[in-house]
Amino acid sequence: RPGEPMAKESRAALRKLIEGQEVVLHFGPEPTDYRERYVAFVELKNGTSVHEAMVRDGWATVYGFADNRNRLAPLLKLEEQAREEKRGIWAHPYW
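A short tour of the structure in this document, coming up. Predicted model, so just to flag it, every value in this text is computed and none were measured.

Tallied over the entire structure, the rule returns five salt bridges. A salt bridge links Glu22 to Lys45, with the nearest nitrogen and oxygen atoms 3.8 Å apart. With a gap of 23 residues between them, Glu22 in the loop between helix H1 (7–18) and strand S1 (23–32) and Lys45 in the loop between strand S2 (38–44) and helix H2 (50–56) connect regions that are remote in the sequence. Judged by its relative accessible area of 52%, Glu22 is exposed. In this structure, Glu79 and Arg83 form a salt bridge, with 3.5 Å as the shortest nitrogen-oxygen distance. Pair noted here: Glu79 and Arg83 are both in helix H3 (residues 72–84), with a separation of four residues, about one helical turn. Arg83 sits in the partly exposed class, given a relative accessible area of 39%.

Right, let's get into the packing of aromatic side chains. For the structure on display, the rule yields three aromatic pairs. With 6.0 Å between their ring centres and 65° between their planes, Phe27 and Tyr38 make a pair best called edge-to-face. One end of the pair, Phe27, is in strand S1; the other, Tyr38, is in strand S2, and 11 residues separate them in sequence. Exposure remark for Phe27: the relative accessible area of 41% places this residue in the partly exposed category. An aromatic cluster is built from Trp90, Tyr94 and Trp95, whose rings are joined through pairwise contacts.

Rules and cut-offs
- Position labels on residues start from 1 in each chain and follow its written sequence.
- Only residues with pLDDT of at least 70 get local features here, since the model is predicted, and only at 80 or more are side-chain atom pairs given and counted; chain-wide, interface and lining totals rely on the full set of residues.
- For the side-chain quantities, the full set of heavy atoms in the structure was used; hydrogens and water were omitted.
- Salt bridges are counted wherever a side-chain nitrogen of Lys or Arg sits within 4 Å of a carboxyl oxygen of Asp or Glu.
- A helix here means a DSSP run of H or I that spans at least four residues, while a strand means a run of E at least two residues long, and both kinds are numbered starting from the N terminus.
- With a 1.4 Å probe rolled over the protein chains alone, any residue whose accessible area is under 20% of its type maximum counts as buried; one over 50% counts as exposed, and the rest are partly exposed.
- Pairing of aromatic rings covers Phe, Tyr and the six-membered ring of Trp, with a centre-to-centre limit of 6.5 Å; geometry is then stacked below 30 degrees between planes, edge-to-face above 60, and tilted otherwise.

Shown next as C-alpha cells:
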C-alpha cells in the first residue's frame, strides 16, 4: 500500500515481473470486492502465478477472502518462508 515501508520497492518488483508480459486473469464467483475493485488471480502467459512469485520473493502479503480459501495454504507457506529468510518487505523492521 502506498505510504507503507517498502511500497515503492514492492511496486518495482511487480513491474519487473509483469511489464511487457501478457497476463491471464482468473476470476472467482465474485469478480469484484465490496469496493467494486476487480479481484482475480493473475498468471503470466507462461503459467507463472504472479501472486505466488510476489509472496515467495517477499514483496506481497497473503490476504484471505472467500474466493481464495482453497489457495491459501500454499501462499501462507511461501509467506512464512519469505518472512524467515527476510526477503523483500520482511527485511524491513516495520514488518
